[in-house]
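Coordinate analysis (summary)
The primary structure of each chain is shown beneath.
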Amino acid sequence: MSSILEGEMWLHLFEMLCVIIVVAYFISRTKAFFNVHEGKGTVIEKSFLILLFGSLSIFGTLSGFEILGAPVNIRDLGPLVAGITCGPVVGGAAGIIGAVHRLSMGGFTCIPCSLATAISGFAGGTIYILNKRKMLTVYKAVLFAALFECFHLILVLCINTNIDTAVSIVMQVGGPVVFFNALGMFIFAKIAENHLEEIRTSRERDRYKDELERKRAELKIASEIQQQFLPKDIPPITGYDLAALSLPAREIGGDFYDIIPFGNQNHGLVIADVSGKSVPAALFMALSKITVRSTAVWHQGTAGTMYDANDLITHESDSGMFVTVFYGILDRMGERMIYTNAGHNPPIIFRKKEEQFETLHQNGMALGVMAGSEYGQDEVFLHPLDIIVFYTDGVTEAINQDEEQFGVERLKKVIRISKDMRSQQIIEQIQGAMQTFCKEEPQFDDITIMILKAEGDDEK
Amino acid sequence: MKIEKEEIDGAVIVSITGRIDTSGSSEVSDALKTVIESGMKKIIINFSHVEYISSSGLRVFISALKQLKGTDGSLILCELKPFVYEVFDLAGFTRIFVICDTVAEAQKT
């Protein structure tokens, strides 16, 4: 290398690099660059980039330093980058700007150098299209720039008026030209690649966020619809104090309760738990609730209702889903309840007089498993101030941080303590005891409680 | 959760270790699906190392039973701990499953 290069090269090089870094940073952060890169750019955005990259090409010429009348320069860099990131239109036009400017300067290598710059943008654009309109990896981009500069040097050797001068120029400036352009490409590609990746990630995040937002909104609507499936008010039942609560673990759940008024002043009481949680359980819950309610109308007893409901639900369930249902009919005389327990958690009765607990065991299988299953029907007599607690396993299987279950015994303890309260208050007591027990542990399963208290003689 | 499969005399013995809760049940479900799809007619489930089963766990076995019924296969549950038996019993499912005390007894059926 000549002494001219040795002395001033580094300063020149440093200046050039600073300009490239600033321009790369600026261009890659424009919205136009991203849009055009993604193939969605408008004419204005493309024109803007053509001017920027064309100017960069002119800067490449002006910032060069002369050796034997041939400037070492990075004129091709702008069009090359424009080509591989924004396609042949932007690349090609930027190249032509640089080429026309170079042509106007004249000199020994005027023709081959202008021609090379004019070609550079199209070459980059071809690579962009061949690479399916994606950016090359940084190292491939660098290799491409280096190869293109070699091609540029070959053009100088081919098109000249004096082959000896051409050879000596190529010998002297060839190395630095290839090196600087490749280095410039490295800087540009690295900055652009990082930024394009950032934008892509953030767009993906936004899309994901939107989708999540939409799903949340849908679930909220589903939750509202499901709330309407539960009785809006508990109808007053002569001789009884009835209250209920249902809390799904997620937005929607598989538990439900129902109070079915019959014309003869009898009332049907239903509590049910669909296996599973969330959307599948909620859909199955809707099916089950409507089926039980509509079959209940056709039967005097509970066993017939469960038999028919089971057949209907089994017919609709292929996935192994099932629903446990406790269905009781309260006599209007207010003392007797007939019931069928289709695989549901046995409701607990607290006998006021004896201060003892009884349970209402299953006398049939959960619904939805096997058509033609037989269902039993039993009866239970209620005395003044007796309490029946109907619940789903979300209550007894609620766990605390040590994975201990709330359990039936704790539930019984709360009932015993709150035996003199109204049904609604007893539910609040159970809820409070569960919260104290579970503390920070999130609710894992749907929770449903229904409490029926026979009123005392003085209240009747 | 650990699931081991062993084939003896034309029956597959599936031994499960762990809690069959919501997350465990999908593993069991996949394992049973593989066995059923392989065409095995007799499946014996060994529950001796299962301490807990939830209602979603029950669903897996109901689903397997339904699939096997369609192909004349059989599903036998054995060595159920009292708590696990109670969960099956509460839902009324002890009446549709063949339940044996030991694996040896299940093999004879």
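Anyway, here's the lowdown on the structure attached to this text.

So, how was this worked out
Residues numbered from 1 in each chain as written. Chains lettered and ligands numbered in written order. Predicted model: local features only at pLDDT ≥ 70, side-chain atom pairs only at ≥ 80, totals over all residues. Helix = DSSP H or I, 4+ residues; strand = E, 2+ residues; numbered from the N terminus. Rg over C-alpha atoms; globule rule 2.2 N^0.38 Å. Buried ≥ 20, exposed ≤ 12 C-beta atoms within 10 Å, placed from the backbone. Contact = placed C-beta atoms within 7 Å. Nonpolar A, V, L, I, M, F, W, Y, C, P; charged D, E, K, R; others polar. Pairing = 2+ DSSP bridges.

1. Here we look at the overall build of chain B
For chain B, the count of helices and strands is 4 helices and 5 strands. Reading the helices (α) and strands (β) of chain B from amino to carboxyl end gives β-β-α-β-α-β-α-β-α. Here the C-alpha radius of gyration of chain B, 12 Å, is about what a compact globule of 109 residues would show, namely 13 Å. Relative to its 109 residues, chain B shows a buried fraction of 40%. Considering only contacts within chain B whose residues lie at least 6 apart along the sequence, 73% involve residues at least 24 apart.

2. Structural notes on unusual backbone geometry
Residues and elements named next belong to chain A. Phi at R133 is positive, roughly 60°, even though this residue is not glycine. With respect to the helices, strands and loops of the structure, R133 is situated in the loop between α6 (110-130) and α7 (138-158). The exposure class assigned to R133 is exposed, which follows from the 12 C-beta atoms found within 10 Å. Positive phi is not limited to glycine here, since E355 has a value of about 55°. With respect to the secondary-structure elements, E355 resides in the loop between β8 (348-351) and β9 (356-359).

3. Focus: the interface of chain A and chain B
The interface is formed by 17 residues belonging to chain A together with 14 residues belonging to chain B. Its residues placed into classes, the side of chain A that touches chain B shows 7 nonpolar, 9 polar and 1 charged.

4. Points about the pairing of strand β5 (residues 267-274) of chain A
Residues and elements named next belong to chain A. The element β5 is largely enclosed, with a buried count of 8 among its 8 residues. Residue alternation in β5 divides its side chains into two sets, H267, L269, I271 and D273 and G268, V270, A272 and V274, and both sets are buried. Bridge analysis of strand β4 (residues 255-261) against β5 gives 7 bridges, and the strand direction is antiparallel. Pairing of P261 across the sheet is with H267, part of β5. The turn linking β4 back onto β5 is made up of 5 residues, and Q265 within it adopts a positive phi angle of 75°. As judged from the 8 bridges shared by β5 and strand β6 (residues 323-330), these two strands associate in the antiparallel manner. When the sheet's bridge partners are listed, I271 is paired in β6 with F326.

It is worth stressing that arrangement in space is one thing and function is another; only the former is reported here.
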